[in-house]
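# Structural overview
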Amino acid sequence: EGLLLGKEGRDRLRDKLLQAALATQADPLFRDRVRLTHRGVAAQTGKYDRGLLPAGYRFSGELRLWSQDMADPAWQDLLGRLASPALRLGGATRAGLGAMQLVSLHTRSFNLREPADVAAYRAIGAGLGDTVGLEARSIDALPAESRSHTLSVELTPRDFWRFGQGNRSLWIGTDDKVADLLPKVEPVVTWSQSHAEIGTRLALVPGSSIKGALAHRAAFHWNALNEHFADDLSADEMADWDKSERCEGVRELFGYAKDRAAGAASLPDETGRAGRVIIDDVHVEMPANELHTHLQNMIHNSLDRFTGGVRNRMLFTEELIYQKPIRLSITLLPDIDQASASARQALARAIRDLCEGRLALGAGTTKGHGCFSGSPDETTRAWLRAQGEDWT
């Protein structure tokens, strides 16, 4: 904002938050993404990565509504949506990115038929941070945007979990050899009042990882509910089966891309549709005083059956997070009720599988990692009951 000229421009360029963002051009922060088939391997064109800006950056914006009504209800509705958990900006919003939290809000209505209001309107500064002449609004007092539902589940690990592959250990101040396999860790910007702390590193649970696991399990339950079984498919149909293109329940819940509907069972809208389910990223704080409790190294080895010695490059160490709880947040958009009853029930059963330890998350699931016990809040229990999954 503003020209980068003179001392004022140099001061802008020296801003620590801006410098940290510009540094990502040379060393980008990215997420590995992979879409798995029913065989558990990467789908064709389903392996890629995405660059992103770290969580915690703040943005300012300005909205104006021209109306004949000083108390236009559309304005109050808009303000309520700014504080809604369904507000997402940018790409990959259904897979954890783009979640926004309203930090501060200043508003004012002007009657431009009155000279005093015209003068006050013209006196507002051009900068997006200029709030002189506007009135601070309490975010808690904004009208609630009740069209979406937010499900919250506290997941308690049975033992170890790890998501992704990181490049930096969570251990602090140790000269020991770094493990070969590391949890995914991301820097975030944390705020205290108006002061920003840059580079705080937190363990990451990507929303895309949760979404993928729930989508696979929801596909299983939807097929079971609709009596679609593998025995009824030919070998060619099995080889070409993909949950994102062949399972109507997954497409109803999690959306599908344009032009990918060819050959699949038709839905009313074949031009592509965004998902009705949003799953947030989870950043897990690992304080230094908890590292010896919640961070463990596990050594893996594979023996040569002929010599009895270690196979080449098969002795490695894995850094794992131990029994650190995760709070999972799932936002169901207002049109979730337009999905079929069987699709909603399949999602409810997938969430129940996750909470009861039948759906593992993250890496090393075949070795027993990533199993959780879940405790849904009352809103989540009520939604599950409404889909026919009574929680006792």
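For the structure itself, look to the data block above.
Note that the structure is a prediction, hence the values are computed from the model and not measured.

### Considering the overall build of the protein
- Within the protein, the secondary structure is distributed over eleven helices and 16 strands.
- Each principal axis of the C-alpha distribution contributes one length, and for the protein these read about 90 × 55 × 40 Å.
- Out of the 392 residues in the protein, the part that is buried amounts to 38%.
- Put simply, 65% of the contacts in the protein that link residues at least 6 apart link residues at least 24 apart.

### Let's talk about helix H5 (residues 207-225)
- Spanning 19 residues, H5 covers 26 Å between terminal C-alpha atoms, matching the ideal 27 Å at 1.5 Å per step.
- For H5, the set of buried residues is Gly207, Ser208, Ile210, Ala213, Leu214, Ala215, Ala218, Ala219, His221, Trp222 and Asn223.

### Structural notes on the pattern of salt bridges
- One pass over the full model with this rule turns up 21 salt bridges.
- For Glu8, the salt bridge goes to Arg12, with nearest N and O atoms at 2.9 Å. One end of the pair is Glu8 and the other is Arg12, both in helix H1 (residues 6-13) and four residues apart, which spans about a single turn.
- On the accessibility criterion, Glu8 (54% relative accessible area) is exposed.
- In this structure, the salt-bridge partner of Glu318 is Arg162, at a minimum N-O distance of 3.0 Å. One end of the pair, Glu318, is in strand E14 (residues 316-322); the other, Arg162, is in the loop between strand E6 (160-161) and strand E7 (185-192), and 156 residues separate them in sequence. No difference in accessibility class separates Glu318 from Arg162, as the two residues are buried.

### Structural notes on empty space enclosed by the protein
- In the structure shown here, the tally under the stated rule is one cavity of 30 Å³ or more.
- In this structure, the largest cavity spans a volume of roughly 40 Å³.
- Across the lining of the largest cavity, the residue classes tally to two nonpolar, one polar and three charged.

### Here we look at the nonpolar core
- In terms of nonpolar packing, the biggest core is built from 49 residues, with Leu214, Phe254, Val277, Ile330 and Ile351 touching the most fellow members.
- For this core, the element with the highest residue contribution is helix H10 (residues 341-355), accounting for eight residues.
- Sequence-distant contacts of Val277, defined by excluding residues within four places in its chain, comprise Arg94, Leu253, Phe254, Ile330, Thr331, Leu332, Ile336 and Leu347.
- Counting residues in each nonpolar core, the second largest holds five residues, with Leu17, Ala21, Val189 and Ala196 among its members.

### Considering the sheet that holds strand E12 (residues 282-284)
- Here we have three strands laid out as an open sheet, ordered E7-E8-E12, and antiparallel in their pairing. Both edges of this open sheet fall to E7 and E12, since each of them pairs with a single strand only. Averaged over all pairs of adjacent strands, the angle between their axes in this sheet comes to 60°, without regard to strand direction.
- Relative to E12, strand E8 (residues 195-205) runs antiparallel, the two being bridged by three bridges. Of the residues in E12, the one forming a bridge with Leu204 is His283.
- Against the sheet, helix H2 (residues 16-23) makes contact with E7 and E8, and its axis sits at roughly 40° relative to E8, the strand it touches most.

### Description of a nonpolar patch on the surface
- Together, Leu4, Leu13, Leu18 and Leu22 make up a nonpolar patch on the protein surface, roughly 310 Å² of accessible area in all.
- Mapped onto the elements of the fold, Leu4 is located in the segment before H1.

### Some words on the side chain of Glu252
- Mapped onto the fold, Glu252 is located in helix H8 (residues 248-254).
- One buried charged residue, Glu252, remains without a salt bridge, the closest side chain of opposite sign being Arg276 at 4.7 Å.
- In this structure Glu252 touches Arg273, Arg276, Gln338, Ala339, Ser340 and Ala343, once residues within four positions along its chain are discounted.

Rules used throughout
- Residues numbered from 1 in each chain as written.
- Predicted model: local features only at pLDDT ≥ 70, side-chain atom pairs only at ≥ 80, totals over all residues.
- Heavy atoms only, no water.
- Helix = DSSP H or I, 4+ residues; strand = E, 2+ residues; numbered from the N terminus.
- Buried < 20%, exposed > 50% of the residue type's maximum accessible area, 1.4 Å probe, protein only.
- Contact = heavy atoms within 4.5 Å.
- Expected span 1.5 Å × (residues − 1).
- Salt bridge = Lys/Arg side-chain N within 4 Å of Asp/Glu carboxyl O.
- 1 Å grid on protein atoms, 1.4 Å probe; cavity = no way out; pocket = protein on both sides within 12 Å on 5 of 7 lines; lining within 4 Å.
- Points joined across faces, edges and corners; volume = space filled by probe spheres on them.
- Nonpolar A, V, L, I, M, F, W, Y, C, P; charged D, E, K, R; others polar.
- Core = buried A, V, L, I, M, F, W, Y, C linked by side-chain atoms within 4.5 Å.
- Pairing = 2+ DSSP bridges.
- Axes fitted to C-alpha atoms, helices over the stretch in contact; angles between N-to-C directions.
- Patch = residues over 30% accessible without salt bridge, like charges linked within 9 Å, V, L, I, M, F, W, Y side chains within 5 Å.
- Areas by Shrake-Rupley, 256 points an atom, 1.4 Å probe, with all protein chains shown as cover.
- Lys, Arg positive; Asp, Glu negative; His and termini not counted.

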